[in-house]
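Listed below are the residues making up each chain.
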Amino acid sequence: MSETMLQIEDLHARIQEDGTEILKGISLTIRAGEVHAIMGPNGSGKSTLAHVLSGREGYEVTAGTAFYKGRDLLAMPPEERAREGVFLSFQYPVEIPGVSNTYFLRMALNATRKHRGLPEIDAIDFLALVEEKARLVDLDDALLNRSVNEGFSGGEKKRNEIFQMAVLDPQLAILDETDSGLDIDALRIVAGGINALRSPDRAMLVITHYQRLLNHIVPDFVHVLAGGRIVRSGDRQLAHLLEERGYSWLDEEAALPVGRVS
Amino acid sequence: MNAGVALAEGVGAVVDRARAFAERERGATPLFLQNLRQLALEALVRSGFPEPGHEEWRYFPVAEAVRLLSGCAGASGAANASRRPGARAALAAVAALGYAEKRQHQLVFVNGSLDPELSTLDNLPKGVHFHGISRLLEKGSPLVEPRLGLLRGHQRHPFVALNTAFLADGALLLVPDRVVCTTPLHVVNVTDGTDGAVATHPRVLLVLGENAQATVVETFVGAGPAFVNPVTEAYLGPHAFLDHYTLQEGSAEAAHVGTFDAHLAPGGQLFTHLFSAGSLLARNEASVHLHGDGAGLTMDGLYLGRNEQVVDNHVLVDHARPHCGSQQYYKGILDGKARGAFDGKVIVKPTASRTDAHQKNRNLLLSPEATVDSKPQLEIYNNDVKATHGSATGRLDPDALFYLRSRGFGETEARAALTLAFASEIAERIKVEPLRKHLEARVLAWLSGNGRETAS
Ligand SMILES: Nc1ncnc2c1ncn2[C@@H]1O[C@H](COP(=O)(O)OP(=O)(O)OP(=O)(O)O)[C@@H](O)[C@H]1O
Ligand SMILES: [Mg+2]
């Protein structure tokens, strides 16, 4: 069996500021090569899970564990998670005026390379890499020299996230609503980019509201997150079911947390 | 000792010193300069140094600066000053700046006196005067007499008066009508207080004729305790263009009280850039008088403070004629326990219809103890005016910090990248490329020596 990339057990987390518990016992195991989709109503805690996994401040883990390739993920500062190969594609990518996209990406890439004991990337190689990956998601060259996400359209921001992912070459990618804000053609292109990055040694956690994305990126597992718990897990058929029937039928089933289905 | 007593004693000591200086020099001084020094001294005796709470000096610890001044020897003309170790170190720093390479036009003053060996003046455009003024002051010269002190700063401003009372050397730039100086003209002031605190009163006189153009860079570096009190007067003829830079990188033990005064004729265009990172106490004052129709002014400022530094930026823009435009954009970055201020006033006089005036100040606080006072002010006495002003003070955006860290930036790197981005908006507007590069490098160096743990 392939390597376990991410193992979450009974994860509880609350908002630091007011103590509201958002994640109420999440368990999830993702192995190398797998794509897991997480669906669920607004406010159910999907982005919170993504943030806790990538180390954003403002949340407090009150119970449970998360291991990434056998290492305690929650003990690492965010940059170490990134350098170790965890990538978060933001639901709302942040605009950073005054920091150029390419400078940002070169710094990011070199931080990861240094962490892995590799020398800084040569300027020409970097340019070639950037060009290749920009083509992958059909990112306009002009955006490369602009400030990070500044004035980008919603769709351009999402493309930029996947472009970054392609350059940084992570092992665990958490994609938080990468499809929202994309038009139909863009969705196809971005999904194509994501698919191109699917590989036996990479895992993905894809957060989405729409079956549409999952037609392009066919998941191995689908989980429903509601009220801070995974209330149901299944294969790709579950996504179709949700598309047809919404989330309310799950309540009627008095759903219990379901562990890994395999 | 309370501030009032310190100030009174400070004035007394300084005035005595200035009197002695005037006496000593009397034989070698033409009448116009004797008079000028005398007028300045009288004005200083009348006004004294600004008391605590003085409206124009609210954000500057005058008493502390005057205490530094009182501890200084009258340093003017210290022989061989540039051979001393501190000055050599400071000069090495100047050399490392890169923008002040030998082939450029540069005047280097060490502890207030021109050092001819370090200065280069080759290949100046025809008719351009760019040199020290000590000889002109000794002999009297039509090049300086009609202009020096014409803006009467020495009558109104205690530190300009102080500068004038000790006036002995400085730089003159005179660009005749229609002459364009294509390479920047540098005035470098090195203040070396390592053998004992020194006070210097550098003076710069800039006169640009009709349609004349020039770029002037004034740099201040130093070592050891010092009181640096520079005054620059600039006169722009009709449609003259001056791009003026002040790089204040004085010693961490120094007080820097600088005054820039400019007068613009019709169509004159002035662009000022202030970069203030050095000195323990820094006052960067600029007054610009738009006294000709259609004159234009852009003032950029970038000031950095850390540890116990104080940096007080004081700006006055005087719109006296129609169709003039002015814009100021000052940005400050403050860390440690530093205190910053932007106190800027734009006055639009009744005679200044169709004025277009904009003022903007933004500050970034990097530590919980850093503070800033931001006071952009408009005083408008004419209805036909377009004017805006704004100020904002904030901290690094936590979302942006997390975004960078989630991509592998360390916390220090992420903070540095965002801080540099804040500064680069001003740096990018510098047209002289080596200067822009220098400034960016300086900001980076400042940042790397400025992790939160090193800020005391
Ligand atoms: N930093 C925070 N401060 C206060 N409340 C927060 C914070 N982060 C999340 N929440 C709250 O936690 C709940 C879960 O939010 P989260 O963003 O994880 O939902 P989501 O499942 O991603 O929703 P959506 O589908 O709308 O993106 C919401 O009620 C949200 O308001
Ligand atoms: Mg969300």
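Residues numbered from 1 in each chain as written. Chains lettered and ligands numbered in written order. Predicted model: local features only at pLDDT ≥ 70, side-chain atom pairs only at ≥ 80, totals over all residues. Heavy atoms only, no water.

**Looking at the overall build of chain B**
Broken down by element type, chain B carries 10 helices and 22 strands. Whereas a compact globule of 456 residues would reach a radius of gyration of roughly 23 Å, chain B reaches 21 Å, a difference of no more than 12%. Over its C-alpha atoms, taken along the principal directions, chain B stretches across nearly 70 × 55 × 50 Å. Burial status across chain B gives 60% buried among its 456 residues. Relative to all contacts within chain B whose residues are 6 or more apart in sequence, the contacts with residues 24 or more apart total 85%. Summed over all atoms, the accessible surface of chain B reaches about 17100 Å², with 52% contributed by carbon and sulfur. On chain B, the mean spot of the 44 positive side-chain charges and the mean spot of the 48 negative ones are 2 Å from each other. (Helix = DSSP H or I, 4+ residues; strand = E, 2+ residues; numbered from the N terminus. Rg over C-alpha atoms; globule rule 2.2 N^0.38 Å. Buried < 20%, exposed > 50% of the residue type's maximum accessible area, 1.4 Å probe, protein only. Contact = heavy atoms within 4.5 Å. Areas by Shrake-Rupley, 256 points an atom, 1.4 Å probe, with all protein chains shown as cover. Lys, Arg positive; Asp, Glu negative; His and termini not counted. Charge placed at Lys NZ, Arg CZ, Asp CG, Glu CD.)

**As for the overall build of chain A**
Check the secondary structure of chain A and you find 10 helices and 12 strands. Computed over its C-alpha atoms, the radius of gyration of chain A comes to 18 Å, within 12% of the 18 Å expected for a compact globule of 262 residues. Overall, chain A is about 55 × 40 × 40 Å in size when its C-alpha atoms are taken along their principal axes. Here chain A, with 262 residues, has 52% of them falling under the buried criterion. Look at the contacts in chain A between residues 6 or more apart in sequence, and 70% of them connect residues 24 or more apart. Approximately 11400 Å² of chain A is accessible, and the part contributed by carbon and sulfur atoms is 48%.

**Examining the nonpolar core**
Soluble globular proteins tend to pack their nonpolar side chains together in the buried interior. In terms of nonpolar packing, the biggest core is built from 101 residues, with Ile8, Leu53, Ile96, Phe163, Met165 and Met204 of chain A touching the most fellow members. When residues of this core are assigned to their parent elements, the largest contribution, eight residues, is made by helix α9 (residues 411-427) of chain B. Summarising the domain contributions, this core has at least three residues from each of domain 1 (75-396) and domain 2 (397-456) of chain B. Aside from chain neighbours lying at most four places away, what touches Leu53 of chain A is Leu6, Ile8, Ala66, Leu73, Arg81, Ile174 and Leu205 of chain A. Judged by nonpolar contacts, the second largest core, of 49 residues, contains Phe130, Val175, Cys181 and Val288 of chain B. (Core = buried A, V, L, I, M, F, W, Y, C linked by side-chain atoms within 4.5 Å. Domains from an automatic or database assignment.)

**Here we look at the confidence of the model for chain A**
Mean pLDDT over chain A stands at 91; residues scoring 70 or higher make up 95%. Under a pLDDT of 50 for its full length, residues 254-262 of chain A has, in the predicted model, 18 contacts with residues more than four places off or in other chains. (pLDDT = per-residue confidence, 0-100.)

**A short note on the pairing of strand β1 (residues 4-15) of chain A**
The side chains of a regular strand alternate between both faces of the sheet. All names here are of chain A. Relative to strand β2 (residues 21-31), β1 runs antiparallel, the two sharing eight bridges. Bridge pairing links His12 to Lys24 in β2. Connecting the antiparallel pair β1 and β2 is a turn made up of five residues, with Gly19 showing a positive phi of about 80°. Here β1 runs beside strand β4 (residues 59-68); their pairing, made up of eight bridges, is antiparallel. Bridge pairing in β4 places Ile8 opposite Ala66. (Pairing = 2+ DSSP bridges.)

**Some remarks on empty space enclosed by the protein**
Residue and element names in this part refer to chain B. A complete count under the given rule lists six cavities of 30 Å³ or more for this structure. Roughly 220 Å³ of internal volume is contained in the largest cavity. Taken together, 20 residues line the largest cavity, and the ones lying closest to its centre are Thr246, Thr259, Phe260, Leu274 and Glu285. Taken together, the residues that form the lining of the largest cavity break down as eight nonpolar, nine polar and three charged. Computed from the structure, the second largest cavity encloses a volume of approximately 70 Å³. Taken together, Tyr245, Leu247, His273, Leu274, Phe275, Asp300, Leu302, Ile426, Ile430, Leu435 and Leu439 make up the lining of the second largest cavity. Of all the secondary structure elements, the ones that give two or more residues to the lining of the second largest cavity are β12 (241-249), β14 (269-276), β16 (296-305) and α10 (433-448). At three residues, β14 tops the list of elements feeding residues into the lining of the second largest cavity. (1 Å grid on protein atoms, 1.4 Å probe; cavity = no way out; pocket = protein on both sides within 12 Å on 5 of 7 lines; lining within 4 Å. Points joined across faces, edges and corners; volume = space filled by probe spheres on them. Nonpolar A, V, L, I, M, F, W, Y, C, P; charged D, E, K, R; others polar.)

**Remarks on the packing of aromatic side chains**
Geometrically, a pair of aromatic rings is defined through the distance of the ring centres and the angle of the planes. All names here are of chain B. Overall, the coordinates contain 10 aromatic pairs over all chains when judged by the stated rule. Between the aromatic rings of Phe49 and Phe159, the centroid separation amounts to 5.0 Å while the plane-to-plane angle is 20°, which identifies the pairing as stacked. Here the residue Phe49 occupies a position in the loop between α2 (31-47) and α3 (62-70), and Phe159 occupies one in helix α7 (residues 158-165), the gap between them amounting to 110 residues. No difference in accessibility class separates Phe49 from Phe159, as the two residues are buried. When the ring centre of Trp57 is taken as origin, the NZ or CZ atom of Arg283, which lies over that ring, is 3.5 Å away. Lying over the aromatic face of Tyr403, Arg407 brings its terminal NZ or CZ to 4.9 Å of the ring centre. (Phe/Tyr/Trp six-rings, centres within 6.5 Å; stacked < 30°, edge-to-face > 60°. Lys NZ or Arg CZ within 6 Å of the ring centre and 35° of its normal.)

**Here's the deal with the side chain of Arg415 of chain B**
Residues and elements named next belong to chain B. Here Arg415 lies in helix α9. Comment: no salt bridge for buried Arg415; closest opposite-charge side chain is Glu411, at 4.7 Å. Here Leu366 takes part through its backbone oxygen, which lies 3.1 Å from a polar atom of the side chain of Arg415. (Salt bridge = Lys/Arg side-chain N within 4 Å of Asp/Glu carboxyl O. Polar contact = N/O pair within 3.5 Å; in protein donor to acceptor, adjacent residues only side chain to side chain.)

**Here we look at the packing of α9 of chain B against α10 of chain B**
Residues and elements named next belong to chain B. Contact geometry for α9 and α10: axes closest at 10 Å, N-to-C directions at 150°. As summarised for this structure, α9 and α10 are arranged roughly antiparallel, according to the angle between their axes. Where α9 crosses over α10, the two elements pack in a sense that is right-handed. Residues Ala416, Thr419, Leu420, Ala423 and Ala427 of α9 touch α10, and the partners they reach there are Arg436, Leu439, Glu440, Val443, Leu444 and Leu447. Class assignment for the residues of the contact of α9 with α10 results in eight nonpolar, one polar and two charged. (Axes fitted to C-alpha atoms, helices over the stretch in contact; angles between N-to-C directions. Parallel < 35°, antiparallel > 145°, perpendicular 65-115°, else oblique. Left-handed = near helix turned anticlockwise from the far one by under 90°.)

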